[in-house]
Amino acid sequence: MELDEKNPDPKYGESRKFDPNFKGPIHNRGCTDILCCILFIIALLGYFAVGIIAWSQGDPRKVIYPTDSKGQFCGQAGTPLEKKPLLFYFNILKCASPLVLLEFQCPTTQLCVESCPDRFLTLMKAKLGNQKDREYYQQYCKEGVNFTRLSPPEILRDGLCPAIIMPSKAFTRRCLPALRTLKGGVVVVGNETVVETEGGVKVNATEVLEASKKSNVVVEARQVAMRIFEDYTQSWHWILLGLLIAMVVSLIFIVLLRFLAGVMVWVMIVMVILVIGYGIFHCYMEYASLKGEPGADVTIRDLGLQTDFSVYLQIRQTWLAFIIILAIVEVVIILLLIFLRKRIMLAIELIKEASRAVGHVMSSLLYPLLTFALLGVVIAYWAVTAVFLSTSNEQVYKVFNNSECAYSRDTCDPKTFNTSNASAQCPDAQCLFAFYGGETLYHKYLILFQFYNVFLFFWCANFVTALGQVTLSGAFASYYWAFKKPDDIPSFPIFSSLGRALRYHTGSLAFGSLILSIVQVIRVILEYLDHKLKGAQNKFAKFLLSCMKCCFWCLEKCIKFLNRNAYIMVAIYGKNFCASARDAFFLLMRNIVRVAVLDKVTDFLLFLGKLLIVGIVGIFSFFFFSGRIKAVEDAAPSLNYYWVPILTVVVGSYLIAHGFFSVYAMCVDTLFLCFLEDLERNDGSTERPYFMSQNLLSLLNKSNEANKSVD
């Protein structure tokens, strides 16, 4: 029999001994890992303190509204600039300076205006023109400027008005030149190829284009972000409907699995193959339909990074890549099914046993809702704290000048700048808002607060997950070790298990979560370093970083596996984390063949179930949001990127399916460890009967003596 384990290695500890008093999860237990529990509580108090400080110092408006040269928000309700939502640059060409990349601010005067200019007009022409020209031009000057009385040289010397205004368009709340490219690659501003700037200097419109790009380098991502946000506002109710459908489908699937486990597993396998097969067919049809289309043969590499991601779906190479990826996945799944066909039969029996356990502990199906809620609170707290921390800086002003000056780029105060030495020695210098920062003790340690926020996010999220694993494993262990099912199953097993976990094992959960969080934070740091070193030429450093990333990825997977089994032992025996991890590891190593035969194959089958739900919901959401279902074509929202709601629904569906299937996965893992211990503790005699079901006994060609005597 493939499930038999012969001669387990003695170095992995002795087999479990028979204990006539053992009837499932130990009730008389004490608190474990108390020091880690205290550390976790202190860390949470510190986390709340960081959140309070961030909320008192932060200002999310800095993320939403542009800021003028005085650090005032353009368009902010309740301020004098409420009706001036757009930011205007006096000299957009100065935004081509490298300082834009270093200080996130163009070294030119910036002004909040009601609307962007829509025509060419120089300062001289406005002064010599009619009253309407002067009034129009003055709205792009600093407040309080006597435009009629002052001469153009005086205005330009004091930086009161721009030397020229040009047709502009609002882009991410900023007035940028209305640039376009004619046939032949000629760049024009409005209809002009040459623009006259300060001092009568003429520049090519291409230079204005480059300056515009530099001026917006910090907010380029905001264009995509704003469009994505707009798509969410248009489609959020449809996204919620898609997620609700995913939840209903997952629940129906789980219920059917409870009563028709064997049939549903095979239906699931066939459906996954068919869904992926349809994906390959659809991608091929899209690939074939683009044959001969203009521009369809452009490669992804030649196309480069585009903010309009729908462009990628208009080239054949994208669909070819989809075909290759899906084909590889299809072949891998089919080969695994062929080679694991015998083991799949065994795994189905374990899933059937898990179905019976879930049927007797139906409240376990509702527990993922509590996990989702707690994780939602953790994610929301982290996100809000991160936003407030990133906007909790003060306005920093710098000296900007055109000629050489000893005070150039020094910090200044706009209120006292006109009477300072810098103003006296550098007549053309200005004290302009540069960026948000600060030199207080709080600002010096701001990066540490951000790191603490990320670390506690991982720790709390892992703790919530660990709490769910211990709770479910305790409930399902109560089911397995009940000799007469369901009579011997305790009342409210989920609530009893949750109470034991919180009362006695908060420290053990915090300990396991802490170890996993440290590894995850290291992985985040490695990813950050990899992003920073992408342009580096040191091949050895890249190779070393890739190796470290791979090693820590493997380490994270191993820790998750060990933690999961350690939590099961904690739920059953009430020992501390290290002792439970050791016992679980030795038990698995003594039965390594069974682990390979049953546990991992069962995980694979449950993964196919999640894949099927995601595939079904994903296909329907694709046809709906892309407007390919004629019956509901008018109901589909008009979107910038229709992949935004599709991707959201797909990811959300996977998380929902994972939440429901995690109940089954935890049940399988718990029953599997209990099954291994049952084989070690008992021998089927009248004094030491097996606790496993009759189906598993038949599968192992074993039986209880009591059952034989009845027969």
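Owing to the predicted nature of the structure, the values given are computational and were not obtained by experimental measurement. (Residues numbered from 1 in each chain as written. Predicted model: local features only at pLDDT ≥ 70, side-chain atom pairs only at ≥ 80, totals over all residues. Heavy atoms only, no water.)

**Side note on the packing of helix H1 (residues 34-57) against helix H13 (residues 367-390)**
Here is step 1 of the chain: At a minimum axis separation of 8 Å, H1 and H13 run at an interaxial angle of 45°. When the axes of H1 and H13 are compared, the pair comes out oblique. For the crossing formed where H1 meets H13, the hand is left-handed. Contacts from Tyr 47, Phe 48, Val 50, Gly 51, Ala 54 and Trp 55 in H1 reach Tyr 381, Trp 382, Val 384, Thr 385, Phe 388 and Leu 389 in H13.
Here is step 2 of the chain: Residues that form the contact of H1 with H13 fall into these classes: ten nonpolar, two polar and no charged. (Axes fitted to C-alpha atoms, helices over the stretch in contact; angles between N-to-C directions. Helix = DSSP H or I, 4+ residues; strand = E, 2+ residues; numbered from the N terminus. Parallel < 35°, antiparallel > 145°, perpendicular 65-115°, else oblique. Left-handed = near helix turned anticlockwise from the far one by under 90°. Contact = heavy atoms within 4.5 Å. Nonpolar A, V, L, I, M, F, W, Y, C, P; charged D, E, K, R; others polar.)

**Topic: the layout of surface pockets**
Here is step 1 of the chain: One number sums up the size of the largest pocket: a volume of about 1,800 Å³.
Here is step 2 of the chain: Lining the largest pocket are 50 residues, with Thr 465, Gln 469, Lys 560, Arg 564 and His 658 sitting closest to its centre.
Here is step 3 of the chain: For the lining of the largest pocket, the elements supplying multiple residues, two or more each, are helix H8 (220-259), H13, helix H16 (446-480), helix H18 (506-532), helix H19 (539-573), helix H21 (592-625) and helix H22 (643-681).
Here is step 4 of the chain: No other element matches the twelve residues that H22 contributes to the lining of the largest pocket.
Here is step 5 of the chain: Per-class residue counts for the lining of the largest pocket are 27 nonpolar, 14 polar and nine charged.
Here is step 6 of the chain: Lining of the second largest pocket is provided by 50 residues; of these, Thr 109, Lys 142, Asp 158, Gly 159 and Gln 430 occupy positions nearest its centre.
Here is step 7 of the chain: Looking at the lining of the second largest pocket, the elements with two or more residues in it are strand E2 (110-113), helix H5 (131-138), helix H6 (152-157), strand E11 (394-400) and strand E13 (430-437).
Here is step 8 of the chain: The greatest single-element share of the lining of the second largest pocket, amounting to four residues, is contributed by E2. (1 Å grid on protein atoms, 1.4 Å probe; cavity = no way out; pocket = protein on both sides within 12 Å on 5 of 7 lines; lining within 4 Å. Points joined across faces, edges and corners; volume = space filled by probe spheres on them.)

**A few points about the UniProt feature "transmembrane region" (unreviewed entry) in the chain**
Here is step 1 of the chain: With numbering aligned to this structure, UniProt lists the feature "transmembrane region" (unreviewed entry) at residues 34-55, 236-256, 263-281, 319-340, 361-384, 456-483, 604-627 and 639-661.
Here is step 2 of the chain: Its end C-alpha atoms 30 Å apart, residues 236-256 is made of 100% helix and 0% strand. (UniProt positions renumbered as here; feature names shortened; annotations may be inferred.)

**Thoughts on the pattern of salt bridges**
Here is step 1 of the chain: Applying the stated criterion to the full structure yields seven salt bridges.
Here is step 2 of the chain: Here Arg 119 makes a salt bridge to Asp 133, at a shortest N to O gap of 3.2 Å. Here Arg 119 is found in the loop between E2 and strand E3 (121-122), whereas its partner Asp 133 is found in helix H5, with 14 residues between them in sequence.
Here is step 3 of the chain: Residue Asp 133 is classed as buried on the basis of its relative accessible area of 16%. (Salt bridge = Lys/Arg side-chain N within 4 Å of Asp/Glu carboxyl O. Buried < 20%, exposed > 50% of the residue type's maximum accessible area, 1.4 Å probe, protein only.)

**Some details on the confidence of the model for the chain**
Here is step 1 of the chain: Per-residue pLDDT for the chain averages 77, and the proportion of residues at 70 or more is 77%.
Here is step 2 of the chain: Mean pLDDT across the elements of the chain bottoms out in helix H3 (residues 99-103) (38) and peaks in H1 (91).
Here is step 3 of the chain: Confidence drops under pLDDT 50 across residues 197-201; counting only partners more than four residues distant or on other chains, this segment forms eight contacts.
Here is step 4 of the chain: Taken as a whole, residues 213-222 scores under 50 in pLDDT and shows 23 contacts with residues more than four places along the chain or in a different chain. (pLDDT = per-residue confidence, 0-100.)

**Let's talk about the state of the cysteines**
Here is step 1 of the chain: Within the structure shown, the criterion is met by three disulfides.
Here is step 2 of the chain: Disulfide partner of Cys 116: Cys 175, at an S-S distance of 2.1 Å. Its S-S torsion of approximately -85° makes the covalent link between Cys 116 and Cys 175 left-handed. Here Cys 116, found in the loop between E2 and E3, pairs with Cys 175, found in strand E6 (residues 174-177); they are 59 residues apart in sequence, far enough to count as distant. In terms of burial, Cys 116 and Cys 175 fall into one category: buried.
Here is step 3 of the chain: There is no disulfide at Cys 31, and the cysteine sulfur nearest it, in Cys 37, is 7.6 Å away. (Disulfide = S-S within 2.5 Å.)

**A closer look at H22**
Here is step 1 of the chain: With 39 residues, H22 should cover 57 Å at 1.5 Å per step; its first-to-last C-alpha distance of 54 Å lies within 8% of that length.
Here is step 2 of the chain: Burial within H22 is extensive, with 30 of its 39 residues counted as buried. (Expected span 1.5 Å × (residues − 1).)

**Re the nonpolar core**
Here is step 1 of the chain: Core analysis: the largest hydrophobic core is formed by 117 residues, its most contacted members being Val 265, Trp 459, Phe 476, Tyr 480, Leu 605, Leu 608 and Tyr 664.
Here is step 2 of the chain: Sorting elements by how many residues they give to this core places H22 first, with 19 residues.
Here is step 3 of the chain: Beyond its immediate chain neighbours, meaning those up to four positions away, Trp 459 contacts Leu 39, Phe 40, Ala 43, Ala 510, Ser 513, Leu 514 and Ser 517.
Here is step 4 of the chain: In this structure, Leu 86, Tyr 136, Cys 161 and Cys 175 belong to the second largest nonpolar core, which totals 20 residues. (Core = buried A, V, L, I, M, F, W, Y, C linked by side-chain atoms within 4.5 Å.)

**A few points about the side chain of Glu 330**
Here is step 1 of the chain: Structurally, Glu 330 is set in helix H11 (residues 316-339).
Here is step 2 of the chain: On the basis of relative accessibility, which here comes to 11%, the residue Glu 330 falls in the buried class.
Here is step 3 of the chain: Contacts of Glu 330, omitting those with residues within four sequence positions, involve Val 272, Ile 273, Ile 276, Gly 277 and Ile 280.

**Side note on H19**
Here is step 1 of the chain: For H19, which comprises 35 residues, the first-to-last C-alpha distance of 51 Å matches the rise-based estimate of 51 Å (1.5 Å per residue) to within 8%.
Here is step 2 of the chain: Gly 574 sits one or two residues past H19 and shows a positive phi near 75°.

**Focus on the side chain of Arg 564**
Here is step 1 of the chain: Structurally, the position occupied by Arg 564 is in helix H19.
Here is step 2 of the chain: Accessibility expressed as a relative area gives 17% for Arg 564, which makes it buried.

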